[in-house]
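One letter stands for each residue in the lines below.
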Amino acid sequence: LVFSTGRQFYTLSYAGDIAKVNIPLDEPMGSPSFHPEGNRILMIKGYYDSDIVIKTLSNISASSTSTGSNEDRLIGKTIMSEDSGHFQPGGNLIAYKSERSGDEQIWINNQNNNHQLSQFPMDTYINGVKWASDGQSLLVNANDQLTQLSLDGSQTHVDFSYPVHRLFGWNSDQNQVLANIRINGSIKLALLNPASNTYQKIGRAS
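Engineer: What's the story with the confidence of the model for the chain in this structure? I'm lost.
Structural biologist: A low pLDDT means the predicted coordinates there should not be read in detail. Summarising the model, the chain shows a mean pLDDT of 80, and 75% of its residues fall at 70 or more. Counting interchain partners and residues more than four positions distant, the pLDDT-below-50 stretch residues 59–66 has four contacts.

Structural data, given as structure tokens:
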């Protein structure tokens, strides 16, 4: 069998052995679909290019037909994907997710400077980024696990017994996390307390 992580192809034998497939291509490949005869393959080539922009609300009007403004500012623009931008509480930094290094990582923008904050392994998928209330760290859901990132780049794994499907909110003062978690195969909205490894489901009990 052949499968893709979205960036790299691998073979998978029926014995469970995985091996990397080296293809001389200049961009990541994904979504492989084979011809019935097995001698050709269709795949998606390259990245999806999205950007983060700071929009000054005073420039927005119902009658405006302009597509941009001198006061609008692009954050860390590349030809890769940038998204999930968040303003730092009480500060001037902007945290965002970018694929410019080849993998999803957390980056920090400080005016015109951008630097990579996280060092997650290859093929990490990030589903949620939230600042602490003091603006000195971030909580990130990476590959269904929570990680706290300090501004010095240090990473602390947050132990929790259930996979975190998506991170929605973080009250760092009370150590509460709002997230979708997977419980017995089902995704539930819950309020988590990582310190006690407990959760409270929100909404219907079913």
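Now that the structure has been shown, the text picks up again.
Engineer: Before we go on, may I ask you to explain the sheet that holds strand β8 (residues 82–87) in this structure?
Structural biologist: The strands that make up a sheet pair up through hydrogen bonds in the backbone, lying either parallel or antiparallel. Strand order in the open sheet formed by four strands is β8-β9-β10-β11, and the pairing between neighbours is antiparallel. Where the open sheet ends on each side, the last strands, each with one partner, are β8 and β11 (113–116). Here the strands of the sheet are splayed against their neighbours by 25° on average, with no regard to which way each runs. Pairing analysis gives four bridges linking β8 to strand β9 (residues 94–98), with the strands arranged antiparallel. For E82, the partnering residue across the bridge sits in β9 and is S98.

Engineer: I tried to follow a nonpolar patch on the surface on my own but got confused; where do I start?
Structural biologist: A surface patch of nonpolar side chains, about 230 Å² in accessible area, is lined by F168, L189 and I202. Within the secondary structure layout, I202 lies in the segment after β19 (198–201).

Engineer: Would you explain the pairing of β19 in this entry?
Structural biologist: On a regular strand, one side chain projects to one face of the sheet and the next to the other, so that they alternate. With four bridges connecting them, strand β18 (residues 186–193) and β19 associate as antiparallel partners. Bridging from a neighbouring strand, L192 pairs with Y199 of β19. Between β18 and β19, which follow one another and run antiparallel, lie four residues, and N197 among them has a positive phi close to 55°.

Engineer: Help me understand the side chain of Q105, please; the structure alone is not making it clear to me.
Structural biologist: If you trace the backbone, Q105 turns up in strand β10 (residues 105–110). Given a relative accessible area of 3%, Q105 falls into the buried group. Separated by 2.7 Å, the side chain of Q105 and the backbone oxygen of F120 make a polar contact. Once residues within four sequence positions are removed from consideration, Q105 is found in contact with Y96, K97, S98, Q116, S118, Q119, F120 and I126.

Engineer: What is the right way to read the pattern of salt bridges from this model?
Structural biologist: Working definition: two side chains of opposite charge can pair if their charged atoms are close together. Applying the stated criterion across every chain yields a total of one salt bridge. Notably, a salt bridge pairs D83 with K97, separated by 3.5 Å at the nearest N-O pair. Of this pair, D83 sits in strand β8 while K97 sits in strand β9, placing them 14 residues apart in sequence. Overall, K97 belongs to the buried group, its relative accessible area being 12%.

Cut-offs used in this document
- Residues numbered from 1 in each chain as written.
- Predicted model: local features only at pLDDT ≥ 70, side-chain atom pairs only at ≥ 80, totals over all residues.
- Heavy atoms only, no water.
- pLDDT = per-residue confidence, 0-100.
- Contact = heavy atoms within 4.5 Å.
- Pairing = 2+ DSSP bridges.
- Helix = DSSP H or I, 4+ residues; strand = E, 2+ residues; numbered from the N terminus.
- Axes fitted to C-alpha atoms, helices over the stretch in contact; angles between N-to-C directions.
- Patch = residues over 30% accessible without salt bridge, like charges linked within 9 Å, V, L, I, M, F, W, Y side chains within 5 Å.
- Areas by Shrake-Rupley, 256 points an atom, 1.4 Å probe, with all protein chains shown as cover.
- Salt bridge = Lys/Arg side-chain N within 4 Å of Asp/Glu carboxyl O.
- Buried < 20%, exposed > 50% of the residue type's maximum accessible area, 1.4 Å probe, protein only.
- Polar contact = N/O pair within 3.5 Å; in protein donor to acceptor, adjacent residues only side chain to side chain.

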